[in-house]
Each structure stands twice: as C-alpha cells, then as structure tokens.
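Here's the letter readout for the chains.
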Amino acid sequence: MVELSFREALRVGMSEEMERDESVFLMGEEVGVYNGAYKVSQGMLDRFGSKRVIDTPITENSFVGLGVGAATVGLRPIIEVMTFNFSIIAMDQIINNAAKMLYMSGGQLKCPMVIRGPGGAAHQLSCQHSQSIESFYVHTPGLKVVMPATPADAKGLIKSAIRDENPIIFIESEVMYGWKGEVPEGEYLTPIGVSNKVRDGGDVTLVSYSKMLHVCLEAAEKLSKEAGIEADIIDLRTLRPLDLEPVYESIAKTNRVVIVQEGWPMCGVAAEVAYRVTEDIFDELDAPPARVTAEDVPMPYAANLEKAVTVNPDKVIKAVKKVCYFEE
C-alpha cells in the first residue's frame, strides 16, 4: 500500500493502463502541456508523448465526438472534460452517439471510452460550475456511470473503466483531488457495479457515493457520540449499473434508510434508490425512506447561501433522527 492523493491515484491508474495497452490515449483541454487543469495528468505528456496525450481546443462537442469515432475503430480514448458542467455541451455526442452506438449498429460497433472529469460543488463557483449532473447520465441506457469516493477506488475504478467495452461516465468530486488515502500498488481493479460497505451499525442505513460518503461518515460519528445511533454506511461507487443488494441486506438489519446525494432532489439517484427499496423490501422498513439532497435551486455564489443550499452532516443527522423517531 502507498499513500496517494485522489489525483495521483487517477494518474497512476491511467498511466498503468496506457503502459499495458497502446490503444489507450488521453485527450482534453489542457491535459498535456499544462499538465491538466487539476494536475491529474501531470507528467503524462512527457511520459507518453503528444500522440497519446492530446491537448484540444475548447470544443467539448467536437473532441468528445472525435473520441466516439476513435472508440468505434478500436482505440480506447480517455476524454477529460475540464468540468462535468461542460459535458452538457457534448450531450448530443454522449447520449445520441456513444450510448446508442452498440444498439444502433446491431452489435457491430462497440464504444469503449471513458469520459471523465470533476463534478459537483466546489467553493463559490456559482450555478454554472457547481452542478451535480450525474442523474442526466444515469437516466441514459447504454452508459455506465462511476463516482469513486476514495483514492483506492479512484485507481481501481478508472482501470476497470478503461478496460470496459462500454462508454463510461466517470465523475470525480472537484474538491477531493488533494485528499489522500491508502492505495494498493501494482495491478489493482475495483469491479464496476459492486457497492461497498464502509461502516457497520445496527440503527440506520446511510447510502451515498462520491464526496457525500465523507459527509455521511462525519454525520455517523456525531450520531454515535451524541445520540448513541450507529449507522451502517454503503458506498454505491457505481450508479449505473446500480448494486443494491448490500443496501437491502443492511436495511434488513436496521429497518431504516437515508439516501444522501449532492445533486438536486427531482428525479435523482436518491429518488431511484428510495423507490427500489420501497418496491423490493417494503416489509423490512419501520419508517419511510428519507432523502438528503441539495436544495432545488441553482447554486448561489454567496458563501452563506451556498452553505445553505448544499448537503452537510447536520442535515444528514436531522434526517436520521427523523427516521429513527429520535426525541431530543
């Protein structure tokens, strides 16, 4: 094991796959000469050369489309968008081309590509640069959607995503790039479509992913110390395909669930999980499933308003106490 930051773990994973497979290349804005907008690709241009680490103009629709074409003829592109807010510009290429390529070609053309970059809120970047839009892509058949929460999973999941035969949306929390954790050295893969239990508890199940996992962990420690409530915590890791068996097993023990996401409430991942829990294991519930999400508004610029809109441990604690019928 070695301690790496989130960005270093991603770089190691991508570099290992580029060493292993010459068909893998990285393309996007500032990935080469500038070493990446968030320094994820630092040193990769020197290591792999300009034919495999390719700087692009500010033309997301064009270079994502180029990646789709490359993937259909046997290459494995990693397409970095500087922020996933900008992937909206390439939505036609992602949803109408990449996601549908296998279906519309009658199985003749695969599209093995990874579209990755930072998503979610940072600090005072306002409403065009602080969106959690993973639900757009989770909604789309033909795509897989991955959102790691730890450096170890960042490495293991990026390697699995690059090897996958399908187009992968790979969203990294913008504020987590500098966060550090233990990462296995050498060959290490995290399977796509497998959730992970990260904390044991018998009173309530918390379900989350990406940055919100850490919000849940902080909330769980406070709940344990202040209220004696112990939380089971499940990290989904992959949003499509969605592995809910660990969630169901946990709820069978706790009989209560709170789902936490960074994005807006309407038609979100939390809503889907709550519905499936209600449909599949209704009899295990002692309280309705609860959601904790961002407020249903564009992200404000002002720091005090941004704080009011975003998810924090106190909001999770409030939801947990409600489903536990906890009285102060």
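Scroll up for the structure.
Residues numbered from 1 in each chain as written. Predicted model: local features only at pLDDT ≥ 70, side-chain atom pairs only at ≥ 80, totals over all residues. Heavy atoms only, no water.

### A few points about the packing of helix 3 (residues 60-72) against helix 4 (residues 91-98)
Look at helix 3 against helix 4: their axes get within 8 Å of each other, and the N-to-C directions meet at 25°. Between helix 3 and helix 4, the angle is such that the two are roughly parallel. Residues Asn61, Val64, Gly65 and Val68 of helix 3 lie in contact with helix 4, whose contacting residues are Asp92, Gln93, Ile94, Asn97 and Ala98. Residue composition of the contact of helix 3 with helix 4, by class: 4 nonpolar, 4 polar and 1 charged. (Axes fitted to C-alpha atoms, helices over the stretch in contact; angles between N-to-C directions. Helix = DSSP H or I, 4+ residues; strand = E, 2+ residues; numbered from the N terminus. Parallel < 35°, antiparallel > 145°, perpendicular 65-115°, else oblique. Contact = heavy atoms within 4.5 Å. Nonpolar A, V, L, I, M, F, W, Y, C, P; charged D, E, K, R; others polar.)

### Brief notes about the side chain of Ser208
Residue position: Ser208 is located in strand 10 (residues 204-208). We classify Ser208 as buried; its relative accessible area is 0%. Among residues more than four places away in sequence, those in contact with Ser208 are Leu213, Cys216, Ile234, Asp235, Leu236 and Val260. (Buried < 20%, exposed > 50% of the residue type's maximum accessible area, 1.4 Å probe, protein only.)

### Here we look at the sheet that holds strand 7 (residues 168-173)
Ordered in space as 3-2-4-5-7-6-12, the 7 strands form an open sheet in which the pairing is mixed. For this open sheet the edge positions go to strand 3 (53-55) and strand 12 (238-240), each flanked by a neighbour on one side alone. Neighbouring strand axes in the sheet, compared pairwise and without regard to direction, differ in orientation by 20° on average. Note: strand 6 (residues 144-146) against strand 7, 3 bridges, orientation parallel. Residue pairing in the sheet places Val145 in a bridge with Ile169 of strand 7. Lying on the sheet, helix 1 (residues 6-20) is in contact with strand 2 (24-28), strand 3, strand 4 (76-80), strand 5 (114-119) and strand 7; it crosses strand 2 at an angle near 135°. (Pairing = 2+ DSSP bridges.)

### Focus: the environment of Arg7
Tracing the backbone shows Arg7 in helix 1. Once the C-alpha coordinates of Arg7 and Ile162 are considered, the two residues, 155 residues apart in sequence, prove to be 16 Å apart.

### Looking at empty space enclosed by the protein
Following the criterion strictly, the structure yields 1 cavity of 30 Å³ or more and no others. Taken as a whole, the largest cavity spans an internal volume of roughly 100 Å³. Classifying every residue of the lining of the largest cavity by side-chain character gives 7 nonpolar, 5 polar and 2 charged. (1 Å grid on protein atoms, 1.4 Å probe; cavity = no way out; pocket = protein on both sides within 12 Å on 5 of 7 lines; lining within 4 Å. Points joined across faces, edges and corners; volume = space filled by probe spheres on them.)

### With respect to the environment of Lys39
Note that Lys39 resides in the loop between strand 2 and helix 2 (44-48). Take Lys39: its relative accessible area is 26%, and that puts it in the partly exposed class. Between the C-alpha atom of Lys39 and that of Val257, which follows or precedes it by 218 residues, the distance is 37 Å. Beyond its immediate sequence surroundings of up to four residues, Lys39 is in contact with Arg7, Arg11 and Tyr34. There is a polar contact of 3.3 Å between the side chain of Lys39 and the backbone oxygen of Tyr34. (Polar contact = N/O pair within 3.5 Å; in protein donor to acceptor, adjacent residues only side chain to side chain.)

### Brief notes about the sheet that holds strand 10
Within the open sheet, the 5 strands sit side by side as 9-11-10-13-14. Their pairing is mixed. The strands lining the two open edges of the sheet, one partner per strand, are strand 9 (196-199) and strand 14 (290-292). Here the average twist between neighbouring strands, direction ignored, is 25°. Summarising the sheet, strand 9 and strand 11 (residues 231-235) pair through 3 bridges and their orientation is antiparallel. Pairing of Arg199 across the sheet is with Ile233, part of strand 11. Contacting strand 10, strand 13 (257-260) and strand 14, helix 12 (residues 313-323) runs over the sheet at an angle of about 160° to strand 13.

### Quick look at unusual backbone geometry
Note on backbone geometry: most residues besides glycine have negative phi, and most peptide bonds are trans. The peptide bond linking Arg240 to Pro241 adopts the cis configuration, its omega dihedral lying at 0°. Tracing the backbone shows Pro241 in the loop between strand 12 and helix 9 (245-254). One non-glycine residue, Asn35, lies in the positive phi region at around 70°. The residue Asn35 is located in the loop between strand 2 and helix 2 in this model. At Cys267, a position not held by glycine, the phi torsion is positive, near 60°. The residue Cys267 is located in the loop between strand 13 and helix 10 (269-281) in this model. On the basis of relative accessible area, Cys267 is assigned to the exposed category, the value being 65%.

### Structural notes on the packing of helix 9 against helix 10
Packing of helix 9 against helix 10 brings their axes to within 11 Å, and their N-to-C directions diverge by 65°. Relative to helix 10, helix 9 is oriented so that their crossing is right-handed. Contact with helix 9, carried on its side by Val247, Tyr248 and Ile251, involves Arg276, Val277, Asp280 and Ile281 of helix 10 and no other residues of that element. Taken together, the residues of the contact of helix 9 with helix 10 break down into 5 nonpolar, no polar and 2 charged. (Left-handed = near helix turned anticlockwise from the far one by under 90°.)

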